[in-house]
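The residues making up each chain are set out below.
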Amino acid sequence: KAEGTFTTEFHLTGTPAEPNINGTANIDLKRFPLANTPYRNVRDANIRLRLEGKRIIVEPSSALVSGGKFTLGGEVGIDGKEPLLDLRLTADHALLWRNDSFVLRTNSNLSLTGPWKTARLSGSLSLVESLYYKDIEIIPIGVPTTSAPKPKLPTIDQAKVSKAYDIPAPFDAWTLDLTLKTADPILIRGNVATGEITADVRIDGTLAVPRPSGSFLIKKAVADLPFSKLTVKNASVILQPDAPLD
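Worth saying up front: this structure is predicted, and the values here are computed from it rather than measured. (Residues numbered from 1 in each chain as written. Predicted model: local features only at pLDDT ≥ 70, side-chain atom pairs only at ≥ 80, totals over all residues. Heavy atoms only, no water.)

(A) A look at a nonpolar patch on the surface. Taken together, the side chains of Ile136, Ile138, Leu225 and Leu230 present a nonpolar region at the surface, about 320 Å² in accessible area. With respect to the helices and strands, Leu225 occurs in strand S12 (residues 210–225). (Patch = residues over 30% accessible without salt bridge, like charges linked within 9 Å, V, L, I, M, F, W, Y side chains within 5 Å. Areas by Shrake-Rupley, 256 points an atom, 1.4 Å probe, with all protein chains shown as cover. Salt bridge = Lys/Arg side-chain N within 4 Å of Asp/Glu carboxyl O. Helix = DSSP H or I, 4+ residues; strand = E, 2+ residues; numbered from the N terminus.)

(B) Focus on the packing of aromatic side chains. Across all of its chains, the model carries four aromatic pairs by this definition. When the ring of Phe102 is compared with that of Tyr132, the centres are 4.8 Å apart and the planes differ by 45 degrees; the resulting orientation is tilted. Of the two residues, Phe102 is situated in strand S7 (residues 102–115) and Tyr132 in strand S8 (residues 120–133); the sequence distance between them amounts to 30 residues. By relative accessible area, Phe102 is classed as partly exposed at 29%. Between Trp116 and Phe171 the ring centres are 5.5 Å apart and the planes differ by 75 degrees, which places this aromatic pair in the edge-to-face class. With Trp116 in the loop between S7 and S8 and Phe171 in the loop between S8 and strand S9 (175–182), this residue pair connects regions lying 55 residues apart in the sequence. Given a relative accessible area of 30%, Trp116 falls into the partly exposed group. Judged by its relative accessible area of 30%, Phe171 falls in the partly exposed class. (Phe/Tyr/Trp six-rings, centres within 6.5 Å; stacked < 30°, edge-to-face > 60°. Buried < 20%, exposed > 50% of the residue type's maximum accessible area, 1.4 Å probe, protein only.)

(C) View of the pairing of strand S10 (residues 186–189). By the alternation rule, side chains of S10 split into Ile186 and Ile188, which are all buried, and Leu187 and Arg189, of which none is buried. Bridging between S10 and strand S11 (residues 193–205) involves three bridges; their strand directions are antiparallel. Bridge assignment links Ile188 to a residue of S11, and that residue is Gly195. The turn joining S10 and S11, which pair antiparallel and follow one another in sequence, is formed by three residues. (Pairing = 2+ DSSP bridges.)

(D) Representation of the pairing of strand S5 (residues 68–77) within the structure. By the bridge criterion, nine bridges tie strand S4 (residues 55–65) to S5 in an arrangement that is antiparallel. The partner of Ala63 across the bridge, within S5, is Phe70. The sheet contact formed by S5 and strand S6 (residues 84–98) spans nine bridges and is antiparallel. Residue pairing in the sheet places Gly77 in a bridge with Leu84 of S6. Counting the residues that bridge the hairpin from S5 to S6 gives six residues.

Function-wise, these values are silent; they only describe arrangement.
Laid out in structure tokens, this is it:
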């Protein structure tokens, strides 16, 4: 189901012992489905690469992914023991994550710099047009509790400070310097509850062991319960650097 073209042209000079390669490579994708991922629809992707001796230059390249736009540029130095990265990624209403309950979109400005094994990802992410949607089934009054399914409750265990995510090397050692904020509140919607969430978070550490600090604030939350209404004016979810999964 993928459709696109790949074209390239290279010019080789120098000697077999010290070759000098220059050239270009262009990738144009009309569509490229990523099945079984939140990013199901990649289209109108234009990737422009230029090789100049010991430099791979990424000319401004873009792609539309699930309704948002990514733009990439920069260069990769290959004149050493490991590649040296200097890349910039911007996003316009790009899909950050999607599952049955969440849709998170972001305007982002990120940089990936440094040696390949110890690169640093820095910049900002602003959440826009994001939604938390959940339909909740309430047991009707008078139904025996024995007929209701047993709820699946989360475990409340202390998170380990070891690797939070199983990320392969060398990506696990890449360091983070990120800010995450809400340009638009995350809307809470469903058959029972409404409200909104705002965020002000800083993330450092590494990709394998991120260290978030800051908070998510829940405001104007209202839950319509049988014969009553629950109103939450303000609530805070506090993130702890030493326990990122708590």
